[in-house]
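# Working through the structure, step by step
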Amino acid sequence: MKLISKHLDKEGAGSIRLQPEEPADLWHAYNLIHTGNILKASTFRRITKDKDKDLAAGGTGAPSSSGSSQRVQLTLAITVQKTDFDPSAGALHVSGPVAEESPHVRLGAYHTLDLALHRAFTLSKLSNAPWDSVALQTISAACDPASRAEVGAVVLQPGLANVCLVTEHMTLLRQRVEIAIPRKRAADSAVAHDKAITRFYAAVAVAMQRHFDYGILKAVIIASPGFCGEQLLKYLLDTAGKDVDTGSATAGSNKILIQSKNKFMLVHCASGHIHALNEVLRSPEVLARLADTKFARESATLEKFFCVLNEGDGMGGVRAWYGPKHVATAVDRGAVKTLLISDRLFRSDDVKKRKYYVALVEQVRSQGGEALVFSSLHESGKQLDQFTGIAAILNFPIPELEDMSDDDEHYEMQIEKH
């Protein structure tokens, strides 16, 4: 993400102009844009040719059946009502009424802005819901070049492979490879089986070459049950070596692959389905290699939370809790060592709820605790969402938490304060 300009008052209200540089930046934008914000960006709109006459008559500038129209490029500001993000397509659509009148579009006319890579936008937040510390930290992380480090991951089993890119904030499935592999029985079927396996590895290799830039990837994980991963890696290195020796058209990219062979990691997993990636990212060898990345810290922390949760009560009291009410009480007692919170909670349309969760994060950090905001596009974030989206590891047990009911009265009262 590129930060172009920033104009905020002492209360945090104001505008920030940003330019997405890579797909993960659109995910950051999705987390920053909330209902009621003012979003300004370049867009296209089809309008009537006689727009002045149309606007004077109270029209919107939109095409009508009675007149001709043309598609024009213009800059519009809208009041955000709805956001729609498709991570697989890398598309972010933001809809709402026009907030600033233009020569082409009447104030209040409905429009959808399509945010795209390398196209700047300006996001303004008003005094009733200003820029908070979590949003500003999101921008700081998005603009940090170190956060752009990516990891390539292939999770496979015979006949099925998921080729993924794992960034600091999201897991992207780039391609799914499926090829039918006949069973290995008689001599004839064994030949068919071997041919199908070779064809499968070739297809996976092409997918990896298409989606992986081995020169910039921090690591390439190949995970599978059995020896499927080892066989794929051997196929990659053997074919790359032959291409370099013969000087084929792909020799250049394969030379980079050979030079990057120390980046490859073979990891065992239960299956070749994409959900096994969470198991892979929590494995000790992967955590050791990627210890300085955000998603590895998230995976390790979530694993620790589950371990502590399963241990209690072993006479030492319960030191892991989840749910808004129990976690908020632990924060009030100053007992939280690590707060685990999903970024989904900060996308609430309820301003009071957003402010409440921001205040929780700030309170934990002011007490010397650690607050990790999990990405709901990582498997670890999805798991946390299944546990209400908020959890905590405590420095010491709080016995009264075990006697608390699950009603939301206390939780709602705390939100009303914000």
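In what follows, the structure referred to is the one given above.
Small disclaimer: the values here were computed from a predicted structure and weren't measured.

Ordered in space as 5-6-7, the three strands form an open sheet in which the pairing is antiparallel. The open sheet terminates on both sides in strands that have one partner only, identified here as strand 5 (82–86) and strand 7 (110–115). If you compare each strand with its neighbour and ignore which way they point, the axes differ by 15 degrees on average. Here six bridges tie strand 6 (residues 91–97) to strand 7, and the two strands are oriented antiparallel to one another. Residue P97 lies in a different strand from strand 7, and its bridge partner there is Y110. Against the sheet, helix 1 (residues 23–32) makes contact with strand 5, strand 6 and strand 7, and its axis sits at roughly 155 degrees relative to strand 5, the strand it touches most.

Looking at helix 3 (residues 133–142), one finds that the buried residues are V134, A135, I139 and A142. The buried residues of helix 3 occupy one face: seen down the axis, they fall within an arc of 140 degrees.

Quick look at the packing of aromatic side chains now. What the rule picks out here adds up to 11 aromatic pairs. For the pair F200 and Y201, a centre-to-centre distance of 5.7 Å together with 40 degrees between the ring planes defines the contact as tilted. Here F200 matches Y201 in class, with each residue buried. Seen in terms of ring centroids, F212 and Y214 are 6.2 Å apart; in terms of plane orientation they differ by 90 degrees. Their pairing is edge-to-face. Comparing F212 with Y214, the two get one shared label, buried. Looking at K125, its charged tip hangs above the ring of W131, at a distance of 5.0 Å from the centre.

What follows deals with the nonpolar core. Soluble, globular proteins show a tendency: their nonpolar side chains are buried together. Counting 28 residues, the largest nonpolar core has I33, L39, F85, L92, V94, L115 and F121 as its most contacted members. With six residues, helix 1 is the single largest residue contributor to this core. Those residues in contact with L115, other than ones at most four positions away along the chain, are L26, I33, L39, A41, L92, V94 and F121.

Reading the values: the criteria
- Residues numbered from 1 in each chain as written.
- Predicted model: local features only at pLDDT ≥ 70, side-chain atom pairs only at ≥ 80, totals over all residues.
- Heavy atoms only, no water.
- Pairing = 2+ DSSP bridges.
- Helix = DSSP H or I, 4+ residues; strand = E, 2+ residues; numbered from the N terminus.
- Axes fitted to C-alpha atoms, helices over the stretch in contact; angles between N-to-C directions.
- Contact = heavy atoms within 4.5 Å.
- Buried < 20%, exposed > 50% of the residue type's maximum accessible area, 1.4 Å probe, protein only.
- Arc of directions from axis to C-beta.
- Phe/Tyr/Trp six-rings, centres within 6.5 Å; stacked < 30°, edge-to-face > 60°.
- Lys NZ or Arg CZ within 6 Å of the ring centre and 35° of its normal.
- Core = buried A, V, L, I, M, F, W, Y, C linked by side-chain atoms within 4.5 Å.

These figures come from the coordinates and say nothing about function on their own.
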